[in-house]
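Each chain, letter by letter, is given below.
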Amino acid sequence: DEQQPTQPKGDMKKTLPKPAGKAAGKPYVAFSDDEEDVKRVVKSEREKRYDELREIIKKMKNAKRIRDIGLVFESFENLTKAFDKARKVVEKDQAIPRFYIRTLVELEDFVNECWKDHNWRDTLDRNNTKNLNSTRQKIKRYNKSDAFLKETTAYRENPDVGADVDALESDLSANEAESDDDDIHAPKAPVPVPSSASAAAKMKSKSKDNEDESEESDDWDVSDEASTGDEIDLTDVPKEELYKIFLKKPDAPGAEREKIDKATRDKDEKDKIRNKQKIRREKQLEPSDEEDEIPSRQDHRGLVIFGKDEEVTHDAIMKKLNEIIALRGKKSANRREQLECLHILRQYVDKQNLGVGLDVKILLVQIAVSFDYHHKGNECLKPETWTRALDYIDELLNLLANNLELQISENISEESENLKDGPNYRIHGDVITIIVKMDEEFTKILQNCDAHSQEYVDRLKDELRVCAIIERLKAYLESKVNEQIMTSISSTNQPLLTPESIPLVNSQHLCTIYLRAIEHLYYKYDQDSEQPSKQIMDRLCKFIYTKDTLNRARARASLCHVYHHALHDRYYEARDLMLMCHMQDTITSSDVSTQILYNRTIVQLGLCAFRFGSIKEAHQALV
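Please read all numbers here as calculations on a predicted model, not as lab measurements.

Asker: Before we move on, could you go through the packing of helix H18 (residues 431-447) against helix H20 (residues 462-479) and cite the residues and values that matter?
Answerer: The axes of two packed helices give the description: the angle between them and the distance between them. At a closest axis distance of 11 Å, the pairing of H18 and H20 adopts a crossing angle of 160°. With respect to H20, the axis of H18 lies roughly antiparallel. In terms of crossing hand, the pair formed by H18 and H20 is left-handed. Listed contacts from H20 to Val 431, Ile 432, Ile 435, Met 438, Asp 439 and Phe 442 of H18 are Asp 462, Glu 463, Val 466, Ile 469, Ile 470, Leu 473 and Leu 477. Of the residues belonging to the contact of H18 with H20, the class tally is 10 nonpolar, no polar and three charged.

Put into C-alpha cells, the structure is as follows:
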C-alpha cells in the first residue's frame, strides 16, 4: 500500500469532511474554544410574571398607535390571561401593579375614543367592528369588576403625570444586568472622553425620541439650516480638536431665552387647538348605548302638545296618535320619547273627558311600544321596562272590567271603530296577542338570567303577577262568550256596507288563553289537598280537546295533562292518556318546544311508574 503524505497540523481543519444537508457550513468537530461565554440570568417568579405583562403592554401600545383593533383585542385577551397567572405574585405583594391599572384605564379611554369616531368606524370591516365591540364591552366589564373598580377609580382621580412608571420599573431591572455586562466587556484602555461630548450624545437621543410621538425633548434645538446644510469636512481637523466641531455655538445674549419663550408659546397654542377640537368632537359625538335616538326631545314632544288656540277633540287626538304610530319600526325612533308622548295624550283625554274608548286605544299603543323597547335581536326587556309593561296591562284589564259595554276585537275594522259615543265603544285591538307576547317575554327574561343569581329569583317572583293577569283575562273572555259583534264588510268599488254578526269571543280565543294557563300550572305539585288542581286541569284540557282547531294546542295540552297526572302519582290515568293521544307517532314532525315537552313528560311518566312499583314500565320509559 502506498502511504499518504503527512500534512501539518495547521491544515487539519481543511481536510475534515463536511456533513451533508443544511449543516454543511458548520465544522464537523465543535471545539471548546469556539464556544462563547454566555452569562445566565436567573430571574425570580415576580420578575418573570411582570416582564411578561410588560411585553404584552408594549405590543398593545404599538397596536393602539396604529389603531390595529384586532391586535388590541388579542393583546387584551393575552394580558388578562397573563395577569391570572401572576395572581400569586400579586397576592404576595398585596397590591395590584400600578402600571397594570394604568394600562386598563388607558385602554378603556382609547376604546371609547375610537367608538366616538363614527367616520373611522365606518371604514372598518366586519371583523374589526366585531373586535371593537367585544373589546369595548369586555374592558368596561373588567374595569367595573370588584377586583379593579377601586383601583381604577383611584387612578382616574390621581393619574400618573410626566414620568412613565413602566419605563422606570423596567429600567431598574435592566440597569442591574447592564452594569454587570459593562464590567465584563469594558475596554482595557479606556479612551478619555471630554465633558462636552454629552452634547453629541444628546443629538443621538434626539433622533431616537423623534420617532416616538408620545415623547418630546427640548434639550437640543436644531435649526433648519443645520438640518439641510452641507457636509462637514473633517480631513484637516486634528483628532484632539474633533469634538469642538459638535459643540453648541454660543448665541447672542437673550437669544436662547427668546427661543424658549417662542417654543413655549407655540406649544400652548397647539394644546389650546387640540382641546377645542376635542371638546367639539365630544359635543357632536356623545356616547350613547341606544343607537336609535332621535335628534331632539323638544321636537318630538311638539307632535303631541296642543297650542293655546287649538281645540282638543277626538279627531285631533287621533291625528297625533297616528303620527306616533307611524314612527314605530323606524331606526330613528326613540321608544322612551314615544311613551312620554302617549302619556301626554292620555292626560289630554282625561282632562277633556273624551271617553274611555280613546283612552283604551292609546293604552294599546303604549303596551305595543313597551314590548318594542330595547329589542335588538334576541335581547329581553330590562326590569324597569318589563315592570312598566305589566302595569299597562293591569290598567287595561281594569278598564275592560269596569266598562263591560266596551267591545274590543281584532275582527272590528278601524273604519267601523266607535271612540266617541259611549258607553258602547267599539275598538280594533287584540288583547289575547298582548297576553301571549307578555308570556313569551317572561320566558325570555328567565332564559337570559343566571339561574344561580339573585336576579333570577327576583324575576321568578313575577310569575305570580303573570298568572294573575292570565286568570283575569280568562275570566273576562268567559264572560263575553255569548256576546255578538257587528262587523261591516266594505269594498272600494261598492259604497254599500254588508253587516255581519260574529261572536266577540270564539272558541279558539279561549283555547289560546286556556293553554297559557295550563303551561303555568301543569308542573306544580299540590301541597294543599283542599284545593286540588286536578279539576282545573281536566276542565281546561278537555275544552281544548273538543274545541281546538289547531293540532299544536291539542298536542301540548295532552302532554301537560299526562305530566300533571304523573307528577301526582296517578300512573294508570297518565299511561292511558299517553297511549290514546298517539304522540309517539307524530312527535318527530312537531316543533322543537313540543319535542322538549314530550321528553320531559316521558321522563316524568317513567319516574311515576318507578314510584308505583312498575319497574319494567319505568325502565321501558326511561331507556
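So that's the structure; there's more coming.
Asker: Explain the environment of Lys 320 residue by residue, including any values.
Answerer: Mapping Lys 320 onto the fold places it in helix H14 (residues 314-327). For the pair Lys 320 and Leu 342, spaced 22 residues apart in the sequence, the C-alpha separation amounts to 9.4 Å.

Asker: So what about the environment of Arg 98? Which residues, and what values?
Answerer: With respect to the element layout, Arg 98 can be found in helix H5 (residues 98-116). Separated by 53 residues in sequence, Arg 98 and Glu 151 have C-alpha atoms that sit 8.6 Å apart. Apart from the residues lying within four places of it in its own chain, the contact partners of Arg 98 are Tyr 155, Asn 158, Pro 159 and Asp 160.

Asker: Talk me through the side chain of Thr 601; I want residue IDs and the actual numbers.
Answerer: When you line up the elements, Thr 601 lands in helix H26 (residues 592-612). Separated by 2.7 Å, the side chain of Thr 601 and the backbone oxygen of Leu 597 make a polar contact. Those residues in contact with Thr 601 that lie beyond four places of it in its chain are Leu 559, Val 562, Tyr 563 and Met 578.

Asker: Describe unusual backbone geometry, with residues and values.
Answerer: Backbone geometry places Asn 353, a non-glycine residue, at a positive phi of 55°. Within the fold, Asn 353 resides in the loop between helix H15 (335-352) and helix H16 (356-372). Look at Asp 569: it is not a glycine, yet its phi comes out positive at around 65°. Looking at where Asp 569 falls in the secondary structure, it is placed in the loop between helix H23 (551-567) and helix H24 (571-581).

Asker: Could you give an account of the nonpolar core, with specific residues and numbers?
Answerer: Core analysis: the biggest nonpolar cluster contains 95 residues, and Ile 317, Ile 393, Leu 396 and Met 438 have the highest contact counts within it. Ranked by size, the runner-up nonpolar core spans 31 residues in total, among them Tyr 50, Met 60, Phe 83 and Val 111.

Asker: Residues and numbers for H18, please.
Answerer: Compared with an ideal rise of 1.5 Å per residue, which puts 17 residues at 24 Å, H18 spans 25 Å between its outermost C-alpha atoms and is within 8% of the ideal. The element H18 is extensively covered by neighbouring structure, given that 12 of its 17 residues are classed as buried. Three or more residues of H18 are buried, namely Val 431, Ile 432, Ile 434, Ile 435, Val 436, Met 438, Asp 439, Glu 441, Phe 442, Lys 444, Ile 445 and Leu 446. At its buried positions, H18 is contacted by H16, helix H17 (383-402), strand S1 (407-409), helix H19 (454-460), H20 and helix H21 (507-519).

The rules behind the values
- Residues numbered from 1 in each chain as written.
- Predicted model: local features only at pLDDT ≥ 70, side-chain atom pairs only at ≥ 80, totals over all residues.
- Heavy atoms only, no water.
- Axes fitted to C-alpha atoms, helices over the stretch in contact; angles between N-to-C directions.
- Helix = DSSP H or I, 4+ residues; strand = E, 2+ residues; numbered from the N terminus.
- Parallel < 35°, antiparallel > 145°, perpendicular 65-115°, else oblique.
- Left-handed = near helix turned anticlockwise from the far one by under 90°.
- Contact = heavy atoms within 4.5 Å.
- Nonpolar A, V, L, I, M, F, W, Y, C, P; charged D, E, K, R; others polar.
- Polar contact = N/O pair within 3.5 Å; in protein donor to acceptor, adjacent residues only side chain to side chain.
- Core = buried A, V, L, I, M, F, W, Y, C linked by side-chain atoms within 4.5 Å.
- Buried < 20%, exposed > 50% of the residue type's maximum accessible area, 1.4 Å probe, protein only.
- Expected span 1.5 Å × (residues − 1).

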